[in-house]
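One letter stands for each residue in the lines below.
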Amino acid sequence: MGWADRLIPRRKAAAPRQEEALFDEAFLERLELLQVIARRLFRGRQRSERKTRKVGSGLEFADHREYSPGDDIRYLDWTVWIRLHQALIRLFEEDEDLPIRIVIDVSDSMGTSDGAKLRYAMQVGAALAYVGLANLDRVGITCASGKHHTTLPAVRGKGRIFRVFEFLRTAERGGPTDIRAMCSRVAAESRKPGLTVVLSDFYDLEGAFEGLNMLRVRKHEPVAVQIIDPAEADPTHSGLRGDVQLVDVEGGVHRDVTLSARSLTAYAEAHRRFCEQLEASCRSRGIFATQASLDVPFDDMVLRLFRQGGILR
Amino acid sequence: MSFAGWTLLQMWPLFAIGAAAITGLYLLRMRRRQIVVPFAALWERVTRDSESRKLWRKLRRLLSWLLQLVVLALVCLALGDPRPDVWLRDPVSLAIVIDTSASMAGPAPDEPDTTRLDLARRRAEQEILNLGPADRAVVIGASEEVAVAAPLSSDPAVLIPGLQRLQPRYGESDLDRALALASHVVSERAGPRILVLTDGALDPAAIEALEACAAGPVACEVARVGGPSDNVAITAFAARRYPYARDKIEVLTEVHNLGDTPTKVVLEVEADDAPVGRTTLRLEPGERKREVLSGLDAARSRFVARLSQEQGDQAPFGLPHDDEAYAVVPPLTPLDVVLVTDGTNLFLEAALLVLDDHVRLTGMSPQEAREGRRPEFAEADVVFFDVADEGLPETLPATHVVMFDPWRAETSPSPIEKKADVVRPFLTEQDRGHPVLDHVVIKDVNLARGTTLATIPGDQVLFRSLGEPMAVLREAQHTTVAFGFDPRQSDLPMRSAFPMMVDNLIRYFEQREAGFVASVPIGTHRELTLADLGLAPEGVSRVEVRGPEGAVMVLPVERGRFRLRALVPGFYAIEALDGPLAGSSVELAVNAANLHASNLHDALTAQSLPEASQAPAAAPDSPLPQGPLWTLVMLVVAVLLAAEWASYHRRVTV
């Protein structure tokens, strides 16, 4: 680079559209590998082995309840009737496949750092969807923010993965982060509650945990994956100093501050506490929450979710 | 301080407007850089107690504002082109003439290890540092040689190194030429001024030159740098051979107390690094004593006289270089004597052989001499012909010749003509005062036969027989001595007079050989003869002279003579560069012995130089540098802006 180039930085050459590069051949190859590894992990488990709490027409005995008129007398427990003269209906755990809902936060805060967080979230989401589809699960995708909400209805079969890709490529982006509204709408539009993986930075001080908890209340099994850009989380090495005006990428807030090494360290500490607090809150409600740093490859992240996250049980 | 550019009235409005603009800009809200963050809510929580509300932030803004005002003030000052008053006077063309004579190596008052020349240099440096931008100065060193030490310039970086290169020399200063040169350099320029820096220990010619300069059209000032005037010097040092004992040397040393107090000195004389004499002298102020060392062996050639303190102290007396003197005595070379004889006169051969310290004797037959086969015949210093019945050669060699009975044959090459043959002559008269006959008595010498000789005016008759010359000495380019008898036909060889006469003849010819130069003084052009230095002049057209400091010069030789101006005392090596003896060298001693050069008294105190010629004390160093001051101001501005820029980019002041 010559001195002129140093003084006058040239405009970068037009890069290929990021959406097109999002799921390229290399990505697909890594998905295949991921699927093979996932199959080994889940060996012996068949489709629909996930039990719901719904009591229905399954094979495994669950409980008794008193007979009420209209019940199918085929489920009357005659043994109890003979011994105790109580009409009890045998209840069975209903075997049904749990739908997997993948919710991706597409707000503006996910678009900083040149959209690295959003790309990472989409790659993780696509990988989860691929593994789910390959296991013949029903997988639905939602891309949502405080402004947009787009949903791909649940699909099944490995061949639908390209539909998932297309959906992710074309999903509308932008808008403020509103985890609570996003989760509320996901819960509302899900006919069957299921495993709901929320991929977001959760930069929503008030609504992040509430949204996840709402999913739990609505019988979903939420899994929170917090996408973290290390440069954003710890800006002490960013070189930012002096009097600046901080502008929220999602609009609205302008704040004049004087950045110093001390204030940057304080921000990093506050960010760390925020993430820990979110994780602790989730854990207290039985919600699995984990952090996904951009410097961890997405496939490693997905495997970690499989191993630790209880996505399959 | 004055302003050569904008006036204060012009500068103030500019400063006021600029200051108002800067203040206005500072009062306006500073536009901050915008940083887009994804989580502003967290940033807000963190930066709720931002430093921007602290006093330091506000103070830093105030300091930045003040810095900008300072920069503006300096720019306005630069526009004014400030100049110290010393720069605004009329330009001066200053010629600094520094006396670099021997006395300037003398000690300075109250400052050990400092010479008078150091004081002069210090004073000259002050003058140079006080020069304004339009002033010019030239530095001229005045010793026996006059040289421009630093050319006309106003730049101290040019002038001061030239000044530092000046060194005290060994002779008197040629102020006449130095002042003429100085006047020539500055007289046509603006504000001409000549400043002479000297200790006043000058010879009459230099004082006259100063008086003439003071009365001249160019302002001529003298600044004196004095010091203690005590000095003891060797003012003369000479060596010679005794006229009648050339193997012995006599050395004379003259020691002069030029100071104002009695002193004791130890005089030591060394010959070829071996001490040959040591004496302690007590000298009253102004007293001069001569010491003679007699009967020294002529085998020694280098003589050094040295003064030292009685107590062994190494400190010199006043000037160090006049405490030593040098002399060279060329080694004694024996005469090349050829004896042409038939071998029957052993008395003559024996008389020559006993003079082996003085004579290198070669025997030769008359036939060899006639045929001229042997080169010694032509190269001899003296040829004795004692050939009896044998004939003489047709021509005599071009050298000193002694002939016995040259007219035995009818023809003879002798330049002294025959007058008549005589039988049984009596030597009746002799020239008793002639050196050849010193201590020789020829009374009653019997001769069987002889020849009387014809003389011409100028001939010296040694013996007469009844008034007729029988032994004649003729001085010409070469000396010819003719004895009109054959020693074999007399009883003279059996007398003591014969070997004494032969010895006298040899001494006579020795004294006709070239003398020598024991030493020459420095500073003057001196014509020297190669023969006097002991170097054969034949065929020599150039000589190389190597001084004691290693300086080499090649000088032309004309007819065996060359001119030398030695400026450093010591031993000089003189080498013939061509001729048959090319490469052979001799030594020459050069002495500083100069009464005026060694006299450290200020001779100017008694003179009546005009009051205006007394240079005032130099002004103290100007605190300001040379060159336009506005450039320095702008340099300060640039430094301030650079500091501000660096602090801005280091996020210190933003």
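Residues numbered from 1 in each chain as written. Chains lettered and ligands numbered in written order. Predicted model: local features only at pLDDT ≥ 70, side-chain atom pairs only at ≥ 80, totals over all residues.

(A) Layout of the overall build of chain A. Secondary structure assignment for chain A yields eleven helices and eleven strands. The buried share of chain A, reckoned over its 313 residues, is 35%. Considering only intrachain contacts with a sequence separation of at least 6, the fraction spanning at least 24 residues in chain A is 76%. (Helix = DSSP H or I, 4+ residues; strand = E, 2+ residues; numbered from the N terminus. Buried ≥ 20, exposed ≤ 12 C-beta atoms within 10 Å, placed from the backbone. Contact = placed C-beta atoms within 7 Å.)

(B) The arrangement of the overall build of chain B in detail. For chain B, the count of helices and strands is 14 helices and 34 strands. Here chain B holds 654 residues, and the buried ones make up 38% of them. For chain B, long-range pairs separated by at least 24 residues make up 71% of all intrachain contacts whose partners lie at least 6 apart in sequence.

(C) Spatial organisation of the nonpolar core. Membership of the largest hydrophobic core comes to 97 residues, with the highest contact counts inside it found for Ile96, Val97, Val139 and Ile140 of chain B. Counting residues per element, this core draws most heavily on helix 7 (residues 175-186) of chain B, at six residues. Those residues within four positions of Val139 of chain B in sequence are excluded, and the remaining contacts are Ile96, Ile98, Ala124, Ala149, Ala150, Leu159, Gly162 and Leu163 of chain B. In terms of nonpolar packing, the next biggest core, distinct from the first, is built from 72 residues, Tyr120, Met182, Val198 and Leu212 of chain A among them. (Core = buried A, V, L, I, M, F, W, Y, C linked by C-beta atoms within 7 Å.)

(D) Focus on the interface of chain B and chain A. Contacts between the two partners involve 23 residues from chain B and, on the opposite side, 28 residues from chain A. Secondary structure elements with two or more residues in the side of chain B that touches chain A: strand 2 (33-37) and helix 2 (40-46) of chain B. Its residues assigned to classes, the side of chain B that touches chain A comprises twelve nonpolar, four polar and seven charged. The pairing of strand 9 (residues 242-248) of chain A with strand 2 of chain B spans five bridges and is classified as parallel. Within strand 2 of chain B, the residue paired with Gln245 of chain A across the bridge is Gln34 of chain B. (Nonpolar A, V, L, I, M, F, W, Y, C, P; charged D, E, K, R; others polar. Pairing = 2+ DSSP bridges.)

(E) Layout of the sheet that holds strand 34 (residues 585-591) of chain B. Residue and element names in this part refer to chain B. Pairing within the open sheet is mixed, and its five strands lie in the order 28-34-33-30-31. Only two strands of the sheet have a single neighbouring strand rather than two, namely strand 28 (520-521) and strand 31 (552-556). With six bridges connecting them, strand 33 (residues 570-576) and strand 34 associate as antiparallel partners. The partner of Phe571 across the bridge, within strand 34, is Ala589.

(F) Broad picture of the sheet that holds strand 8 (residues 221-228) of chain A. Residues and elements named next belong to chain A. Strand order in the open sheet formed by six strands is 6-5-4-7-8-11, with mixed pairing between adjacent strands. Strand pairing shows two members of the sheet lacking a second neighbour, strand 6 (149-156) and strand 11 (288-293), which therefore form its edges. In this sheet, adjacent strand axes meet at a mean angle of 15° when their direction is disregarded. Sitting on the sheet, helix 5 (residues 112-134) is in contact with strand 4 (100-105), strand 5 (138-144), strand 6, strand 7 (195-200), strand 8 and strand 11, with an inclination near 170° to strand 4. Along the sheet, helix 10 (residues 261-284) contacts strand 8 and strand 11; its crossing angle with strand 11, the most-contacted strand, is approximately 150°. (Axes fitted to C-alpha atoms, helices over the stretch in contact; angles between N-to-C directions.)

(G) Spatial organisation of the confidence of the model for chain B. Scored by pLDDT, chain B comes out at a mean of 85, with 92% of its residues at no less than 70. As a predicted assembly, this complex carries a pTM of 0.51 together with an ipTM value of 0.76. (pLDDT = per-residue confidence, 0-100.)

(H) Broad picture of helix 11 (residues 298-308) of chain A. All names here are of chain A. Within helix 11, burial applies to Phe298, Met301, Val302 and Leu305. Each buried residue of helix 11 sits inside an arc of 100° when the element is viewed along its axis, so together they form one side. Summarising the geometry of helix 11, the exposed residues directed more than 90 degrees from the buried face are Asp300, Arg307 and Gln308. (Arc of directions from axis to C-beta.)

(I) Spotlight on the pairing of strand 18 (residues 335-341) of chain B. Residue and element names in this part refer to chain B. The buried fraction of strand 18 amounts to five of the seven residues, a majority that puts the element mostly inside the structure. Across six bridges, strand 18 lies against strand 19 (residues 359-364) in parallel orientation. Across the sheet, the residue bridging to Val340 is Met364, located in strand 19. Remark: the strand 18/helix 9 (residues 346-353)/strand 19 crossover connection has right-handed handedness. (Right-handed = clockwise from strand over helix to strand, strands pointing away.)

(J) Examining helix 6 (residues 161-170) of chain A more closely. All names here are of chain A. Where helix 6 is concerned, the buried positions are Ile161, Val164, Phe167 and Leu168. All buried residues of helix 6 fall inside an arc of 115° around its axis, so they share one side. Looking at helix 6, the residues exposed on the side facing more than 90 degrees away from the buried face are Phe162, Glu166 and Thr170. Along its buried surface, helix 6 packs onto helix 5, strand 5 and strand 6.

(K) Inspection of the packing of helix 8 (residues 207-217) of chain A against helix 10 of chain A at higher detail. All names here are of chain A. Relative to each other, helix 8 and helix 10 sit at 20°, their axes nearing to 10 Å. It follows from the interaxial angle that helix 8 and helix 10 lie roughly parallel. Two packed elements cross with a definite hand, and for helix 8 against helix 10 that hand is right-handed. In contact with Ala208, Phe209 and Leu212 of helix 8, helix 10 contributes Leu278, Ser281 and Cys282. (Parallel < 35°, antiparallel > 145°, perpendicular 65-115°, else oblique. Left-handed = near helix turned anticlockwise from the far one by under 90°.)

(L) Structural detail: the environment of Ser109 of chain A. Take Ser109 of chain A: it is sitting in the loop between strand 4 and helix 5. The spatial distance from the C-alpha of Ser109 of chain A to the C-alpha of Tyr203 of chain A is 7.4 Å, given a sequence separation of 94 residues. Those residues within four positions of Ser109 of chain A in sequence are excluded, and the remaining contacts are Thr177, Asp201, Tyr203, Val249 and Glu250 of chain A together with Pro38 and Phe39 of chain B.

(M) The environment of Val637 of chain B, seen in detail. All names here are of chain B. Structurally, Val637 is set in helix 14 (residues 629-649). With 567 residues separating them in the primary sequence, Val637 and Val70 have C-alpha atoms 8.6 Å apart. Look past the residues within four positions of Val637 in its chain and what remains in contact with it is Val71, Leu74 and Val75.

(N) How the structure looks around unusual backbone geometry. Phi at Lys219 of chain A takes a positive value of approximately 70°, unusual for a residue other than glycine. Exposure remark for Lys219 of chain A: the 14 C-beta atoms within 10 Å place this residue in the partly exposed category. Its identity as a non-glycine residue notwithstanding, Asp444 of chain B has a phi of 70°, on the positive side. Exposure remark for Asp444 of chain B: the 9 C-beta atoms within 10 Å place this residue in the exposed category.

(O) Inspection of the confidence of the model for chain A at higher detail. All names here are of chain A. When the pLDDT values of chain A are averaged, the result is 80; 81% of them are 70 or greater. The weakest mean pLDDT in chain A belongs to helix 1 (residues 3-7) at 47; the strongest belongs to strand 4 at 92. Here residues 6-16 scores under 50 on pLDDT; set against residues more than four positions off or in separate chains, the count is three contacts.

(P) Spatial organisation of the packing of helix 7 (residues 179-189) of chain A against helix 8 of chain A. Residues and elements named next belong to chain A. Where helix 7 meets helix 8, the closest approach of the two axes is 7 Å, and the angle between their N-to-C directions is 15°. Judged by the angle between their axes, helix 7 and helix 8 are roughly parallel. Here the hand of the crossing between helix 7 and helix 8 comes out right-handed. Packed against helix 7, whose contacting residues are Ile179, Arg180, Met182, Cys183, Ser184, Val186 and Ala187, the element helix 8 presents Gly207, Ala208, Glu210, Gly211, Leu212, Met214 and Leu215 at the interface. Here the contact of helix 7 with helix 8 is composed, by residue class, of nine nonpolar, three polar and two charged.

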